Amino acid sequence: MVVMLLLLTGLVLWLARQHHTPTAQDLKTMALEAGRWGPLLYIGILTLSIIISHIPGIPLAMTAGMIWGSFWAGLYSIIGGFMGAIITYAIGYYLALLHKESDLDGIIL
């Protein structure tokens, strides 16, 4: 989890330096330059896109399909989507607990 957050932070910093919206070709180049870390980078980007919900997932999935083929891209997309959904659920659950805890005088659901 910590490694993924570090990778995502690095990606955000790299994109901030680029001063433009990354295209599919930019993502493909970045994944190919990452070598073995490319799939983890893609999973991290997809996870971040699920959490933030402002990054469209279709171009990411299409780019992954061009890079790794349909089977591996599908597998990486399932992993990234699942991780993003778990993190998003955990954030919502934690925020709901904080709200309910204050409303119910310390009773934890």
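Anything mentioned here points back to the structure above.
About the thresholds
- Residues numbered from 1 in each chain as written.
- Predicted model: local features only at pLDDT ≥ 70, side-chain atom pairs only at ≥ 80, totals over all residues.
- Heavy atoms only, no water.
- Axes fitted to C-alpha atoms, helices over the stretch in contact; angles between N-to-C directions.
- Helix = DSSP H or I, 4+ residues; strand = E, 2+ residues; numbered from the N terminus.
- Parallel < 35°, antiparallel > 145°, perpendicular 65-115°, else oblique.
- Contact = heavy atoms within 4.5 Å.
- Nonpolar A, V, L, I, M, F, W, Y, C, P; charged D, E, K, R; others polar.
- Patch = residues over 30% accessible without salt bridge, like charges linked within 9 Å, V, L, I, M, F, W, Y side chains within 5 Å.
- Areas by Shrake-Rupley, 256 points an atom, 1.4 Å probe, with all protein chains shown as cover.
- Salt bridge = Lys/Arg side-chain N within 4 Å of Asp/Glu carboxyl O.
- Buried < 20%, exposed > 50% of the residue type's maximum accessible area, 1.4 Å probe, protein only.

A. Geometry of the packing of helix H2 (residues 24–34) against helix H3 (residues 38–52). At a minimum axis separation of 7 Å, H2 and H3 run at an interaxial angle of 135°. Between H2 and H3, the crossing angle belongs to the class labelled oblique. On the side of H2, the interface is formed by Leu27, Met30, Ala31 and Ala34, while H3 contributes Gly38, Leu41 and Ile45. By residue class, the composition of the contact of H2 with H3 is six nonpolar, one polar and no charged.

B. Expanded view of a nonpolar patch on the surface. A cluster of nonpolar side chains, namely Ile50, Ile51, Ile52, Ile55, Ile91, Tyr94, Leu95 and Leu98, defines an oily patch on the protein surface of about 670 Å² accessible area. When residues of the nonpolar patch are assigned to their parent elements, the largest contribution, four residues, is made by helix H4 (residues 57–103). Considering the arrangement of structural elements, one finds Leu95 in helix H4.

C. Just the environment of Ile50, in detail. Summarising the element assignment, Ile50 is placed in helix H3. Exposure remark for Ile50: the relative accessible area of 32% places this residue in the partly exposed category. For the pair Ile50 and Met83, spaced 33 residues apart in sequence, the C-alpha to C-alpha distance is 8.7 Å. In this structure Ile50 touches Gly80, Gly81, Gly84, Ala85 and Thr88, once residues within four positions along its chain are discounted.

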